[in-house]
Protein chains: 2
Amino acid sequence: MTTMSADAEPVGARHVKRPTPLRESVYEALTEMIIDGTLERGRHLVEVELASLLGVSRQPVREALQRLNNEGWVDLRPGFGAMVHVPAEDEVDQLLAARAALESESARLAARHATKDDVAKLRELCKVGTAFQESGDIDGTVRTNGDLHNLITQMSGNRFLVDFAAQVDRRVRWYYTPVAPVRGAASWREHNRLVKAISEGDEDKAAQIMREHTEQTRKAYHELQAASAPAEETATAAASPARRRRRSTI
Amino acid sequence: MTTMSADAEPVGARHVKRPTPLRESVYEALTEMIIDGTLERGRHLVEVELASLLGVSRQPVREALQRLNNEGWVDLRPGFGAMVHVPAEDEVDQLLAARAALESESARLAARHATKDDVAKLRELCKVGTAFQESGDIDGTVRTNGDLHNLITQMSGNRFLVDFAAQVDRRVRWYYTPVAPVRGAASWREHNRLVKAISEGDEDKAAQIMREHTEQTRKAYHELQAASAPAEETATAAASPARRRRRSTI
DNA sequence: ACTTGGTAGACTGTCTACCAGGTGCCACAC
DNA sequence: GTGTGGCACCTGGTAGACAGTCTACCAAGT
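Just so you know, the residues in each chain are numbered from 1, in the order the chain's sequence is written. Starting at A for chains and at 1 for ligands, labels are handed out in the order in which the entities are written. Totals for whole chains, interfaces and linings use every residue, but because this is a predicted model, local features are given only for residues with pLDDT of at least 70 and side-chain atom pairs only at 80 or more, for both listing and counting.

Draft legend 1. Spotlight on the overall build of chain A. Under the DSSP-based scheme used, a helix requires at least four consecutive residues in state H or I and a strand at least two consecutive residues in state E, with every element numbered from the N terminus. Of the regular secondary structure elements, chain A holds nine helices and three strands. Overall, chain A shows an N-to-C arrangement of helices and strands of α-β-α-α-β-β-α-α-α-α-α-α. Here chain A holds 250 residues, and 35% of them are scored as buried. Counting other C-beta atoms within 10 Å of a residue's C-beta gives its exposure: the residue is buried at 20 or more, exposed at 12 or fewer, and partly exposed in between, where C-beta atoms are placed from the backbone.

Structure follows, in structure tokens:
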């Protein structure tokens, strides 16, 4: 669950310094390395290696590995150790499906609880995102997209939805980054409609749009998948090579 | 989390029993003790105490505590240690809201993927549950209810939904057991309608019914809360003394 | 050629001991 | 009554040890 602090403390109860626990830093470092591919999928992670690599002892490494295991980044085989998780083929799909449910519900609740301030921020993000999109700044687009979705889940006011969505999102982004470029323009049009629905407090509409939005992402994933792996498909290939927009090879 | 293997192994490749890691047993033991109240909410959990209590060393205890922290059972304050989580007032509500989203989506997918076999099992559970309900066997009713919901999430075929739902469910059941008796009969009528919708493959209807079903549970919770509220609260003092919306008396 | 048995090395899971630093509490001083 | 200093307790992290187990590899038997 990763309950990122945000302990809803009374404002101003800010504890000055937080000497981050070592295990936390190790956790961050490892996810980083997993995401950027330094630690390849399927690789056996040896505790003492990581320990000496990061300049700490085994304990923090172990604790980080167990958390990584709980969150599905690595698989812990008893008596053998941790291997970087290698995703099954249907896994991205399932993640995207879960995300659809979580974000759709978040959008509904966001519409219910939206304040003027929130809406203003949303509009701003839409503007910024569209600008990035038009200027071809992929990195900025992706980041702003993340910010927008994140803000919406935050607005739901439901810490569990926030938590789950964040978890799912991180995983999705790990083994499925390259979708962003494919459906940029349409995506931001949808965002605009979504923000409008939220600003009007139309819960059903917001939920509906968000659902379609994430479903689109899933479709885009499948098309990309089909396009980049025409090699040995398992019988499903015959379906429809019909309409496939395949620019942007990355 | 603890995603059950389910590694798509060839059927009958049943591996022999593997000695559970100690940390696992410790984790189980602690959740058990938290749920049944042996470890009261807010209590400071001292590693060495637990260790000697369970007859293990600090290490497995620490690892278990970390996991409990990640999953929200305890709060880990750096430098001080673990305290059994004391739920905020709005927490159950948020859990139930999250559950509504997760289970509703599960029901939708279950309707999509249901096999004859699944439906048969669902019907059976409905029958058993109703019987328990009518005979006043609360324990049996609760258990069967759990089984039914669990089976439906399983049927969704989405391991993330299963995972999240299980997590949420466990938490809900911790600080909010007493709902079952309140709305027994209606609950099983709804179950029947739900199973019917699933058997007919009517996704929207299944999702809709499940949503209403869990919403009912939430309402029941609120009513119960309002009814038993006038009494004084137990030891939730830790919460911020500020914003205390009390006395709704619906 | 294929299985069986044995051996060796590597790593995990757990334990013990130890230490530095932070936290909460209490008693004492004002 | 309210600070303040001190003390005991506890955590977070380190180091080393050891048994159990997993993998790999090699050699001998069939």
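Back to the text.
Draft legend 2. A look at helix H4 (residues 91-113) of chain B. A helix is expected to span 1.5 Å multiplied by its residue count minus one. Compared with an ideal rise of 1.5 Å per residue, which puts 23 residues at 33 Å, H4(B) spans 32 Å between its outermost C-alpha atoms and is within 8% of the ideal. Counting buried residues in H4(B) gives 19 out of 23 residues, a clear majority hidden from the surface.

Draft legend 3. Molecular detail of the packing of helix H1 (residues 22-35) of chain A against helix H3 (residues 58-70) of chain A. Residues and elements named next belong to chain A. Interhelical geometry of H1 versus H3 gives an angle of 55° and a closest axis separation of 8 Å. If you check the angle between H1 and H3, you find them oblique. For H1 against H3, the interelement crossing comes out right-handed. Facing H1, whose interface residues are Leu22, Arg23, Val26, Tyr27 and Leu30, H3 presents Pro60, Val61, Glu63, Ala64, Arg67 and Leu68. We call Asp, Glu, Lys and Arg charged. Ala, Val, Leu, Ile, Met, Phe, Trp, Tyr, Cys and Pro are nonpolar, and the rest, Gly among them, are polar. Residues of the contact of H1 with H3, tallied by class, amount to eight nonpolar, no polar and three charged. To get an axis, fit a line to the C-alpha atoms, keeping to the stretch in contact for a helix; angles then go from 0 to 180 degrees between the N-to-C directions. An angle below 35 degrees is read as roughly parallel, one above 145 as roughly antiparallel, one from 65 to 115 as roughly perpendicular, and any other as oblique. For a crossing to be left-handed, the near helix must be turned anticlockwise from the far one by less than a right angle; the clockwise case is right-handed. Any two residues are considered in contact once their C-beta atoms, placed from the backbone, lie within 7 Å.

Draft legend 4. Main features of the protein's contact with DNA strand D. As a rule, any residue with its backbone-derived C-beta atom within 6 Å of a molecule or strand is reported as near that molecule or strand. For DNA strand D, the set of nearby residues contains 18 residues, the closest of which are Leu22(A), Ser57(A), Gln59(A), Gly79(A) and Gly81(B). Only H1 and H3 of chain A together with helix H2 (47-54) of chain B provide two or more residues apiece to the surface near DNA strand D.

Draft legend 5. The relation of the copies chain B and chain A, seen in detail. Least squares is used to superpose the copies, and the fit set is the C-alpha atoms of residues whose pLDDT is at least 70 in both copies. Superposing chain B onto chain A requires a rotation of 180° together with a translation of 0.0 Å along the rotation axis, leaving an RMSD of 0.2 Å. A rotation of that kind, with that shift, is consistent with a two-fold axis. Of the interface residues in chain B, 88% have counterparts in chain A that sit at the interface too, so the contact is made through matching surfaces.

Draft legend 6. Broad picture of the protein's contact with DNA strand C. The immediate surroundings of DNA strand C are formed by 17 residues, with Glu47(A), Gly81(A), Leu22(B), Ser57(B) and Gly79(B) found nearest. Of all elements in the fold, only helix H2 (47-54) of chain A together with helix H1 (22-35) and helix H3 (58-70) of chain B reach the threshold of two or more residues within the surface near DNA strand C. Counting residues per element, the surface near DNA strand C draws most heavily on H3(B), which supplies three residues. Looking at the surface near DNA strand C residue by residue, the class counts come to nine nonpolar, five polar and three charged.

Draft legend 7. Expanded view of the sheet that holds strand S1 (residues 44-45) of chain A. Between any two strands, at least two bridges found by DSSP are needed for them to pair. Overall, antiparallel pairing links the three strands, which are arranged S1-S3-S2 (chain A) in an open sheet. A strand with exactly one partner marks an edge of an open sheet, and here the two such strands are S1 and strand S2 (74-77) of chain A.

Draft legend 8. Representation of the interface of chain B and chain A. Each partner contributes to the interface: chain B provides 26 residues, whereas chain A provides 25 residues. Counting only elements with at least two residues in the side of chain B that touches chain A, the list comes to H3, H4 and helix H7 (159-175) of chain B. It is H4(B) that provides the largest number of residues to the side of chain B that touches chain A, a total of seven residues. Of the residues assigned to the side of chain B that touches chain A, the class counts are 13 nonpolar, seven polar and six charged.

Draft legend 9. Broad picture of the packing of helix H7 (residues 159-175) of chain A against H4(B). Axis separation between H7(A) and H4(B) bottoms out at 8 Å; the angle between their running directions is 50°. In terms of their interaxial angle, H7(A) and H4(B) are classed as oblique. Judged by residue contacts, Arg159(A), Phe160(A) and Leu161(A) of H7(A) engage Gln94(B), Leu95(B) and Ala98(B) from H4(B). Residues belonging to the contact of H7(A) with H4(B) are distributed by class as follows: four nonpolar, one polar and one charged.

Draft legend 10. Seen up close, the sheet that holds strand S2 (residues 74-77) of chain B. Residue and element names in this part refer to chain B. What the three strands build is an open sheet, ordered S1-S3-S2; its pairing is antiparallel. Since the sheet does not close on itself, it has two edges, and those belong to strand S1 (44-45) and S2, each with one partner. Looking at chain direction, S1 and strand S3 (residues 81-84) are connected through two bridges and run antiparallel. Counterpart to Leu45 in the pairing with S3 is Ala82. The strands touched by H3 within the sheet are S1, S2 and S3, with S2 carrying the most contacts at an inclination of about 110°.

Draft legend 11. Looking closely at the UniProt feature "domain: HTH gntR-type" (unreviewed entry) in chain A. UniProt positions are given in the numbering used here, feature names are shortened, and annotations may be inferred rather than shown by experiment. The UniProt record marks residues 20-87 of chain A with the feature "domain: HTH gntR-type" (unreviewed entry), using the residue numbering of this structure. Each end of residues 20-87 of chain A is marked by a C-alpha atom, and these two atoms are 30 Å apart; helix forms 51% of the span and strand 15%.

Draft legend 12. View of the environment of Arg77(B). Along the chain, Arg77(B) falls in strand S2. Sequence-wise, Arg77(B) and Glu200(B) are 123 residues apart; in three dimensions their C-alpha atoms are separated by 50 Å.

Draft legend 13. Expanded view of helix H8 (residues 184-199) of chain B. All names here are of chain B. Counted at 1.5 Å a residue, the expected span for H8 with its 16 residues is 22 Å, and the 23 Å between its end C-alpha atoms agrees. Three or more residues of H8 are buried, namely Gly184, Ser187, Trp188, His191, Leu194, Val195, Ala197 and Ile198. Remark: Gly201 follows H8 within two positions and exhibits a positive phi of approximately 70°.

Draft legend 14. Focus on the nonpolar core. Structurally, a nonpolar core is described as a collection of buried Ala, Val, Leu, Ile, Met, Phe, Trp, Tyr and Cys residues joined by way of C-beta atoms within 7 Å. Counting residues in each nonpolar core, the largest one holds 31 residues, and the members touching the most others are Ala98(A), Leu102(A), Ala98(B) and Leu102(B). Sorting the residues of this core by element identifies helix H4 (91-113), H7 and helix H9 (203-228) of chain A together with H4 and H7 of chain B as the ones contributing at least two each. Those residues in contact with Leu102(A), other than ones at most four positions away along the chain, are Leu161(A), Phe164(A), Ala165(A), Val168(A) and Ala101(B).

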